[in-house]
Amino acid sequence: MRAGAGLVTIASPREALAVNAAASLAVMVRPVDGARELAEFLRDARRNVVVLGPGGGVGPDMRGLVLAALAGDRAVVLDADALTSFAEQPQALFAAVKSRPGVTLMTPHEGEFSRVFRSVSAQATSKLERARSAAAAAGAIILLKGPDTVVAEPDGRAAIADNAPPALATAGSGDVLAGLAAGLLAQGMAGFEAAAAAVWLHGEAGNEVGPGLIAEDLPEAMPRVYRRLLEKLR
């Protein structure tokens, strides 16, 4: 929401519905169990971006959710468990991505990247080359996180951001980054530009908070980042 999505809904398993509703007062929560219910939930065209992975669990259930989300032209952001769940069958994920018209953004850190893109990790040398090779292999935009984060498209276009402070290396920080990208995509920003802008905004929010930050601080820092940007445009 801090990235401008406007309206966000958590598709929650029924057993966690009360917990998610109590913890997310500004966000709607709806019961969704399994791939079939997610597919039905996503029939509403207003739900034009899906984020899957953070805290979702690793295994066949997550794979089913990912494939259900990819079956459409909405933008899909895959992070964390959504990527690791395909570690043993990455080609199934790549085939689903390449068969769709919509934007697919994958946001792995180095560990997730090495699990899903083993052949790329074994062959490519630089981080930039690895991100570009992975984007071509998967047919997706790759956002390879780290102290310097690389965003790469399948056609080879790439950008590198190096404004992230060390304090961003904390649990949940990457989940916020996935949300920032989704919020920009929800407003119609093109995939590569949304990913690159999200990385830069994420780094600036980290610098705004400074040492001692936790992931929950980052969304609260966004209005100050935006204010600085708008002042430069005047």
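Everything discussed here concerns the structure shown above.
Since we're looking at a predicted model, the values are computed, not measured.

> How should the overall build of the protein chain be read in this particular structure?
The number of helices and strands found in the protein chain is 11 helices and eight strands. Relative to its length of 234 residues, the protein chain is compact, with a C-alpha radius of gyration of 17 Å against a globular reference of 17 Å. Considering only C-alpha atoms, the protein chain reaches an extent of 45 × 45 × 30 Å along its principal axes. Split into buried and exposed, the 234 residues of the protein chain put 43% on the buried side. Relative to all contacts within the protein chain whose residues are 6 or more apart in sequence, the contacts with residues 24 or more apart total 57%. Here the protein chain displays about 11,400 Å² of accessible surface, and carbon together with sulfur accounts for 55% of that area. In the protein chain, 23 positive and 25 negative side-chain charges are present, and the distance between their average locations comes to 4 Å.

> Teacher, can you tell me more about helix 9 (residues 173-186) here?
A turn of α-helix holds 3.6 residues, and therefore any two residues three or four places apart point the same way. Helix length check: helix 9 (14 residues) gives 20 Å between terminal C-alpha atoms against 20 Å at 1.5 Å per residue, within 8%. Counted residue by residue, helix 9 has 11 buried out of 14 residues, so it is predominantly covered. Every buried residue belonging to helix 9 is among Ser173, Gly174, Val176, Leu177, Ala178, Leu180, Ala181, Ala182, Gly183, Leu184 and Leu185, and all of these are buried. Just downstream of helix 9 lies glycine 188, where phi reads positive at about 95 degrees.

> What's the story with the pattern of salt bridges in this structure? I'm lost.
Applying the stated rule across the entire model yields 14 salt bridges. Note that glutamate 153 is salt-bridged to arginine 157, the shortest N-O span being 3.1 Å. Linking arginine 228 and glutamate 208 is a salt bridge whose minimum nitrogen-to-oxygen distance equals 2.2 Å. Here arginine 228 is found in helix 11 (residues 217-233), whereas its partner glutamate 208 is found in helix 10 (residues 191-209), with 20 residues between them in sequence. Overlapping salt bridges, with partners in common, bring together Glu204, Glu208, Arg224 and Arg228 in one network.

> In this structure, what is going on with the environment of leucine 213? I would like to understand it.
Of note, leucine 213 is situated in the loop between helix 10 and helix 11. Remark: the alpha-carbon pair of leucine 213 and glycine 4, spanning 209 residues in sequence, is separated by 22 Å. Setting aside residues up to four positions removed in sequence, leucine 213 forms contacts with Ala167, Leu168, Thr170, Gly206 and Leu218.

> How do you make sense of the pairing of strand 3 (residues 49-52) when you look at a structure like this?
For a regular strand, side-chain orientation follows a simple rule: the groups alternate between the two sheet faces. Across four bridges, strand 3 lies against strand 4 (residues 75-78) in parallel orientation. Residue pairing in the sheet places valine 49 in a bridge with alanine 75 of strand 4. This β-α-β element, strand 3 to helix 3 (residues 60-70) to strand 4, shows right-handed connectivity.

> Sorry, what's going on with the side chain of threonine 149 here?
Residue position: threonine 149 is located in strand 7 (residues 149-152). For threonine 149, the side chain forms a polar contact with the main-chain oxygen of glycine 146, separated by 3.2 Å. Not counting the four nearest positions on each side in its chain, threonine 149 is found in contact with Lys127, Leu143, Leu144, Ala159, Ile160, Ala161 and Val199.

> Before we go on, may I ask you to explain the packing of helix 10 against helix 11 in this structure?
Angle between the axes and distance between the axes: these two values describe a pair of packed helices. Running from N to C, helix 10 and helix 11 point in directions that differ by 100 degrees, and their axes come no closer than 8 Å. What the angle tells us is that helix 10 and helix 11 run roughly perpendicular. Of the residues in helix 11, those touching helix 10 at Trp200, Leu201, His202, Glu204, Ala205, Gly206, Glu208 and Val209 are Asp217, Leu218, Ala221, Met222, Arg224, Val225, Tyr226, Arg228 and Leu229. Residues that form the contact of helix 10 with helix 11 fall into these classes: 10 nonpolar, two polar and five charged.

> I tried to follow the packing of aromatic side chains on my own but got confused; where do I start?
The tally for this structure, following the rule as stated, stands at two aromatic pairs. Note on phenylalanine 94 and phenylalanine 117: the rings are 5.3 Å apart at their centroids and 15 degrees apart in plane angle, and the pair reads as stacked. Taken together, the residues span a long stretch of sequence, with phenylalanine 94 in helix 5 (residues 90-98) and phenylalanine 117 in the loop between helix 6 (110-116) and helix 7 (118-123) at a distance of 23 residues. Residue phenylalanine 94 is classed as buried on the basis of its relative accessible area of 5%. The class for phenylalanine 117 is buried, based on a relative accessible area of 3%. Among the aromatic residues, ring-to-ring pairing joins Phe94, Phe113 and Phe117 into one connected group. The residue whose ring lies beneath arginine 47 is phenylalanine 41, and the NZ or CZ to ring-centre distance is 3.7 Å.

Analysis parameters
Residues numbered from 1 in each chain as written. Predicted model: local features only at pLDDT ≥ 70, side-chain atom pairs only at ≥ 80, totals over all residues. Heavy atoms only, no water. Helix = DSSP H or I, 4+ residues; strand = E, 2+ residues; numbered from the N terminus. Rg over C-alpha atoms; globule rule 2.2 N^0.38 Å. Buried < 20%, exposed > 50% of the residue type's maximum accessible area, 1.4 Å probe, protein only. Contact = heavy atoms within 4.5 Å. Areas by Shrake-Rupley, 256 points an atom, 1.4 Å probe, with all protein chains shown as cover. Lys, Arg positive; Asp, Glu negative; His and termini not counted. Charge placed at Lys NZ, Arg CZ, Asp CG, Glu CD. Expected span 1.5 Å × (residues − 1). Salt bridge = Lys/Arg side-chain N within 4 Å of Asp/Glu carboxyl O. Pairing = 2+ DSSP bridges. Right-handed = clockwise from strand over helix to strand, strands pointing away. Polar contact = N/O pair within 3.5 Å; in protein donor to acceptor, adjacent residues only side chain to side chain. Axes fitted to C-alpha atoms, helices over the stretch in contact; angles between N-to-C directions. Parallel < 35°, antiparallel > 145°, perpendicular 65-115°, else oblique. Nonpolar A, V, L, I, M, F, W, Y, C, P; charged D, E, K, R; others polar. Phe/Tyr/Trp six-rings, centres within 6.5 Å; stacked < 30°, edge-to-face > 60°. Lys NZ or Arg CZ within 6 Å of the ring centre and 35° of its normal.

It is worth stressing that arrangement in space is one thing and function is another; only the former is reported here.
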